[in-house]
Amino acid sequence: MATPPELELDCITKRFGSNTVLDRLSLTVERGVSFALIGKSGGGKSVALKIMLGLLPWDRGEVRARGMKLTQHISEWRQSIGVLFQGGALFDSLPVWKNVAFAGLRGRERMDARQARSKAEEKLERVGLNASVAGQYPAELSGGMQRRVGIARALFTQPQLLFLDEPTTGLDPVRSEQITTLIADILADSSMTAVTISHDMNFVPRISTQTALLDGGRIVWQGASRSIHEHGHDRLGNFVQGRRDSDLP
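These numbers were taken from a predicted model, which means no experiment stands behind them.

Spatially, six strands are ordered E6-E7-E8-E3-E9-E10 in an open sheet, and the strand pairing comes out mixed. Edge positions in the open sheet fall to strand E6 (81-84) and strand E10 (218-224), since each of these has one partner strand only. Here the strands of the sheet are splayed against their neighbours by 15° on average, with no regard to which way each runs. Two strands pair when backbone bridges link them, and strand E3 (residues 34-38) and strand E8 (residues 193-197) are joined in this way by four bridges, in the parallel orientation. Residue Ser 34 lies in a different strand from E8, and its bridge partner there is Ala 194. Along the sheet, helix H1 (residues 45-52) contacts E3, strand E7 (161-165), E8 and strand E9 (210-215); its crossing angle with E3, the most-contacted strand, is approximately 140°. Contacts between helix H5 (residues 143-155) and the sheet are confined to E6 and E7, with E6 contributing the most and set at about 170° to the helix.

Below you can see the structure in the form of structure tokens.
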């Protein structure tokens, strides 16, 4: 029996009032693949991500996680994924180690504090931070360090699927390059499936193997990430080069 895909969106439609944001959107993410969803700002990427995470209901269609309807297995799904939220989204009132170990400190199977801190320090070291930062607060760290803490938190539960929401947004070129290299190394060293939402065309080909362009609420192009800059598709070309569709000859 064939192994079901890690994630499937089948003809998903999502409306906000009279505005149709996703229009029969369909995409498949196979297990072990690093998949990137690209598209212009306000084009529905974040809405699609929230649906994949089980945070937002949709109007029509079906979402399947490992062959099962997401709505029927939402609790198990959330326990098996890790998420790097845009900008890191750290809790300012918590020290770094509690941010990283947030999932492990809650729920019926929560860890004791000593065990949780030890594991958090291991994850911090995995993302290139010294364990000595564990007791600091997010405000004491640079933007790049905060992003690394966010990655460590996403990895804390050893997820089967890692979601990355605009991982390099707001970072200067040097820190962006460092985060890109870190994420590429993490994915290369694991068997995790990954789904990335991004508009950074330098970042996407380096961390993903498959890419899809979301435009007008639908996937209008999908292919190997390495071919993004060697395309013959008008909408993809416009997006990569920062042109509007109206600029087409």
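Let us look at unusual backbone geometry. In this model, Cys 11 sits at a positive phi of 55°, which is unusual for a non-glycine residue. Residue classification places Cys 11 among the partly exposed positions, given a relative accessible area of 38%. With phi around 55°, Arg 66 is a residue other than glycine that occupies positive phi space. Assignment of secondary structure puts Arg 66 in the loop between strand E4 (60-65) and strand E5 (68-69). Given the relative accessible area of 17%, Arg 66 is considered buried.

Counting 42 residues, the largest nonpolar core has Val 100, Leu 124, Val 127, Val 149, Ile 151 and Ile 183 as the members making the most contacts within it. Those elements that provide at least two residues to this core are E3, helix H3 (96-100), helix H4 (113-126), H5, E7, helix H6 (173-188) and helix H7 (204-207). Apart from the residues within four sequence positions on either side, Val 100 is in contact with Ala 120, Lys 123, Leu 124, Val 149, Ala 152, Arg 153 and Phe 156. Formed by 31 residues, the second largest nonpolar core is a distinct cluster that contains Val 47, Ala 65, Ile 81 and Ile 197.

All right, on to the confidence of the model for the protein then. In the predicted model, the protein carries a mean pLDDT of 88, and the fraction of residues at 70 or more is 91%. The low-confidence segment residues 245-249, where pLDDT is below 50, has five contacts with residues more than four positions distant or belonging to other chains.

It is worth spelling out the pairing of E9 at this point. As a general feature of sheets, a regular strand has side chains that alternate between the two faces. Counting buried residues in E9 gives five out of six residues, a clear majority hidden from the surface. In terms of strand pairing, E3 meets E9 through four bridges, oriented parallel. Residue pairing across strands places Ile 38 opposite Leu 213, the latter belonging to E9. One ladder, built from six bridges, connects E9 with E10; its direction is antiparallel. Counted as the bridge partner of Ala 212 is Gln 222 from E10.

Quick look at H5 now. Helix length check: H5 (13 residues) gives 19 Å between terminal C-alpha atoms against 18 Å at 1.5 Å per residue, within 8%. Within H5, 10 of the 13 residues are buried, which leaves the element mostly enclosed by the surrounding structure. Every buried residue of H5 is accounted for by Gly 144, Arg 147, Arg 148, Val 149, Gly 150, Ile 151, Ala 152, Arg 153, Ala 154 and Leu 155. Residues of H5 that are buried sit in contact with E6, H3, H4, E7 and H6.

Definitions and limits used
Residues numbered from 1 in each chain as written. Predicted model: local features only at pLDDT ≥ 70, side-chain atom pairs only at ≥ 80, totals over all residues. Heavy atoms only, no water. Pairing = 2+ DSSP bridges. Helix = DSSP H or I, 4+ residues; strand = E, 2+ residues; numbered from the N terminus. Axes fitted to C-alpha atoms, helices over the stretch in contact; angles between N-to-C directions. Contact = heavy atoms within 4.5 Å. Buried < 20%, exposed > 50% of the residue type's maximum accessible area, 1.4 Å probe, protein only. Core = buried A, V, L, I, M, F, W, Y, C linked by side-chain atoms within 4.5 Å. pLDDT = per-residue confidence, 0-100. Expected span 1.5 Å × (residues − 1).

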